[in-house]
Structure formats: C-alpha cells, structure tokens
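Residue strings, one per chain:
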Amino acid sequence: MPAKIAAITEQQYEQMIDNVQRISGLIRSGYYLKKAYLDVIGMVKDHAYQPQ
C-alpha cells in the first residue's frame, strides 16, 4: 500500500480531491443510503408482484 500511495501523481491526487468534494455533500446528507433503500424496496415490490 505505501508504494501505491507514493506512486500517485499530483494530477491524480487533485482528481481524487475533486471527486471527494463533489460527492461528500451527498454522502453527508444520506443520499446514497436513501437511494439504496428505495432501490431495495423497488426490487422487493417488483419481485413480490407476479401477475397470474
């Protein structure tokens, strides 16, 4: 792991920072948790409904 971290370029590091800043608000607000919950509920409903 230390070798991988040491091999990260400045450009890659800046891209990682940009990515974290872009999604951090969504993570803090629970967006991804809510989306996963709704996706699971949708799958359960789709699976449970089987027309005769």
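Residues numbered from 1 in each chain as written. Predicted model: local features only at pLDDT ≥ 70, side-chain atom pairs only at ≥ 80, totals over all residues. Heavy atoms only, no water.

1. What to know about the pattern of salt bridges
One side chain can pair with another of opposite charge once the charged atoms of both are near each other. The full count for this structure, using the stated rule, is 1 salt bridge. Put simply, D39 and K35 hold a salt bridge, and the shortest N to O gap is 3.0 Å. In this pair, D39 and K35 both sit in helix α3 (residues 31-48), 4 residues apart, roughly one turn of the helix. Classification of D39 by relative accessible area gives partly exposed; the value is 35%. Overall, the relative accessible area of 38% leaves K35 in the partly exposed class. (Salt bridge = Lys/Arg side-chain N within 4 Å of Asp/Glu carboxyl O. Helix = DSSP H or I, 4+ residues; strand = E, 2+ residues; numbered from the N terminus. Buried < 20%, exposed > 50% of the residue type's maximum accessible area, 1.4 Å probe, protein only.)

2. Regarding the confidence of the model for the protein
For the protein, per-residue confidence averages 91 on the pLDDT scale, and residues scoring 70 or more make up 92% of the total. Mean pLDDT across the elements of the protein bottoms out in α3 (91) and peaks in helix α2 (residues 10-29) (96). (pLDDT = per-residue confidence, 0-100.)

3. Considerations on the packing of α2 against α3
The contact between α2 and α3 brings their axes to 5 Å, and the two run at 60 degrees. If you check the angle between α2 and α3, you find them oblique. Residue-level inspection shows I23, L26, I27 and S29 of α2 in contact with α3, the latter providing Y31, Y32 and K34. Across the contact of α2 with α3, the residue classes tally to 5 nonpolar, 1 polar and 1 charged. (Axes fitted to C-alpha atoms, helices over the stretch in contact; angles between N-to-C directions. Parallel < 35°, antiparallel > 145°, perpendicular 65-115°, else oblique. Contact = heavy atoms within 4.5 Å. Nonpolar A, V, L, I, M, F, W, Y, C, P; charged D, E, K, R; others polar.)

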